[in-house]
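Close look at the chain arrangement
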Amino acid sequence: MAQDLIIDMFPCLQDNYGFLIHNPATGSTATVDTPEAEKIAARCRARGWTLTHIWNTHHHWDHTGGNIPLLSEFDVDIIGPERDKKRIPGMTQGVEEGDRFYFGDHVVEVIETPGHTIGHIAFYIPSAGAAFVGDTIFVAGCGRLFEGSPEDMFGSLAKLVGLPDDTKLYCAHEYTLSNGYFAVTVEPENSDLADYMAKARKLREDGQPTVPTTVAQEKKINPFVRAVSAEELGKRRAAKDNF
Ligand code: ZN
Ligand code: FE
């Protein structure tokens, strides 16, 4: 029986989250993305962990900017989307849809989630009931369509909410309140959304994160997940861009 993974989440930059995943059985530690090298390194030192892996979700600087700086302190493998190998600094292993790799005894499944960027991927760890989703899904929101189409994002969100209902979704940014204020304009009658927003406001007032969310929760409150077509998603995304 594998030992449970330890997930350590902490704020980085303006509104990013950093994530360390530690495997006590092997001593391995992965960071999902590298928003802030110094913070990630300090967090490892404080915990007595040695960073062994970087898993990149996509090429944006707030997700890969710390890759090279971290290499000066740690000997790490950098796993990222094969499609974006030229855009991800220091990448050593490219992965694609359906690839699985081992993190000690724990299987990590790669899910391609294009939309925000073309090469975007998510890392799903069934044994932890956790998916690290980068800038694809946010609490009550989704990533901006910088490179992909509404069809891409529609398919990507469908894959993520196709995971078991209790799967924890670790989003890479704390965008919940601004997403929620938009979401209530789309679904003013959605009482689950209204109830959730009251909770989220309280959490933020107390300085607490709203991440992770769950698949079950997003099915109830997220206007992009709840869009019935790619066209509807696209309209909502465009409206949010101008909100
Ligand atoms: Zn991004
Ligand atoms: Fe980002």
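Residues numbered from 1 in each chain as written. Chains lettered and ligands numbered in written order. Predicted model: local features only at pLDDT ≥ 70, side-chain atom pairs only at ≥ 80, totals over all residues. Heavy atoms only, no water.

Attention shifts here to unusual backbone geometry. Cis rather than trans, the peptide bond between V211 and P212 has omega equal to 5°. By the element assignment, P212 lies in the loop between α6 (191-205) and β14 (213-214). Positive phi values are uncommon outside glycine, yet D33 reaches one of about 65°. Along the polypeptide, D33 turns up in the loop between β3 (28-32) and α1 (37-47). (Helix = DSSP H or I, 4+ residues; strand = E, 2+ residues; numbered from the N terminus.)

Our next topic: the coordination of the zinc ion (ligand 1). On the protein side, the zinc ion (ligand 1) has H58 (NE2), H60 (ND1), H116 (NE2) and D135 (OD) as donor atoms, found 2.2 to 2.3 Å from it. Each of the four donor atoms bound to the zinc ion (ligand 1) contributes to angles spanning 84 to 173°, and the resulting shape is irregular. Between consecutive donors of the zinc ion (ligand 1), the numbers of intervening residues give the motif H-x1-H-x55-H-x18-D. The metal-metal distance between the zinc ion (ligand 1) and the iron ion (ligand 2) is 3.1 Å, with D135 coordinating both. (Donors = N, O, S within 2.8 Å, 3.2 Å for Na, K, Ca; no water. Tetrahedral: all angles 85-135°; square planar, octahedral: opposite > 155°, others 65-115°.)

Below, the discussion takes up the coordination of the iron ion (ligand 2). The protein atoms donating to the iron ion (ligand 2) are D62 (OD), H63 (NE2), D135 (OD) and H173 (NE2), with metal-donor distances spanning 2.0 to 2.4 Å. Classification of the site at the iron ion (ligand 2) rests on its four donor atoms, whose angles at the metal span 86 to 170°, yielding the label irregular. Counting residues between consecutive donors of the iron ion (ligand 2) along the chain gives the motif D-H-x71-D-x37-H.

A large share of strand β2 (residues 16-23) lies buried, amounting to eight of its eight residues. Burial along β2 is two-sided: the face carrying N16, G18, L20 and H22 and the face carrying Y17, F19, I21 and N23 are both buried. Connecting the antiparallel pair strand β1 (residues 6-12) and β2 is a turn made up of three residues, with L13 showing a positive phi of about 45°. Pairing between β2 and β3: five bridges, direction antiparallel. Residue pairing across strands places H22 opposite T29, the latter belonging to β3. (Buried < 20%, exposed > 50% of the residue type's maximum accessible area, 1.4 Å probe, protein only. Pairing = 2+ DSSP bridges.)

On to the packing of aromatic side chains, then. Under the definition given, this model contains ten aromatic pairs. Considering the side-chain rings of F101 and F123, the 6.3 Å spacing of their centres and the 75° angle between planes classify their relative orientation as edge-to-face. You can see F101 sitting in strand β7 (residues 100-103) and its partner F123 sitting in strand β9 (residues 121-125), a full 22 residues away along the chain. Assessed through its relative accessible area of 0%, F123 is described here as buried. (Phe/Tyr/Trp six-rings, centres within 6.5 Å; stacked < 30°, edge-to-face > 60°.)

The next subject is the pattern of salt bridges. A full pass over the atoms with the stated rule returns 17 salt bridges. One salt bridge in this structure joins E38 and R45, with 3.6 Å as the shortest N-O distance. As a salt-bridge pair, R226 and E187 come within 2.7 Å of each other at their nearest N and O atoms. One end of the pair, R226, is in the loop between α7 (215-221) and α8 (230-241); the other, E187, is in the loop between α5 (176-186) and α6, with 39 residues separating them in the sequence. Given a relative accessible area of 18%, E187 falls into the buried group. (Salt bridge = Lys/Arg side-chain N within 4 Å of Asp/Glu carboxyl O.)

Right, let's talk about empty space enclosed by the protein for a bit. In total, this model carries two cavities of 30 Å³ or more according to the counting rule given. Approximately 50 Å³ is the volume found for the largest cavity. N16, Y17, F19, V32, D33, T57, H63, F132, V133, G134, Y170 and A172 are the residues that line the largest cavity. For the lining of the largest cavity, the elements supplying multiple residues, two or more each, are β2 and β10 (130-134). Of the residues in the lining of the largest cavity, the class split is seven nonpolar, four polar and one charged. Taken as a whole, the second largest cavity spans an internal volume of roughly 30 Å³. (1 Å grid on protein atoms, 1.4 Å probe; cavity = no way out; pocket = protein on both sides within 12 Å on 5 of 7 lines; lining within 4 Å. Points joined across faces, edges and corners; volume = space filled by probe spheres on them. Nonpolar A, V, L, I, M, F, W, Y, C, P; charged D, E, K, R; others polar.)

Now for the sheet that holds β1. Sheet architecture is open: six strands sit in the order β1-β2-β3-β4-β5-β6, paired in mixed fashion. Taken across any chain shown, the strands that pair with only one partner, and hence form the sheet edges, are β1 and β6 (93-95). The mean inter-strand angle of the sheet, taken between neighbouring strand axes irrespective of direction, is 20°. When strand β4 (residues 53-55) meets strand β5 (residues 77-81), the two strands line up parallel, connected through three bridges. Pairing of I54 across the sheet is with I78, part of β5. Contacting β1, β2 and β3, α1 crosses the sheet at an angle of about 140° to β1. (Axes fitted to C-alpha atoms, helices over the stretch in contact; angles between N-to-C directions. Contact = heavy atoms within 4.5 Å.)

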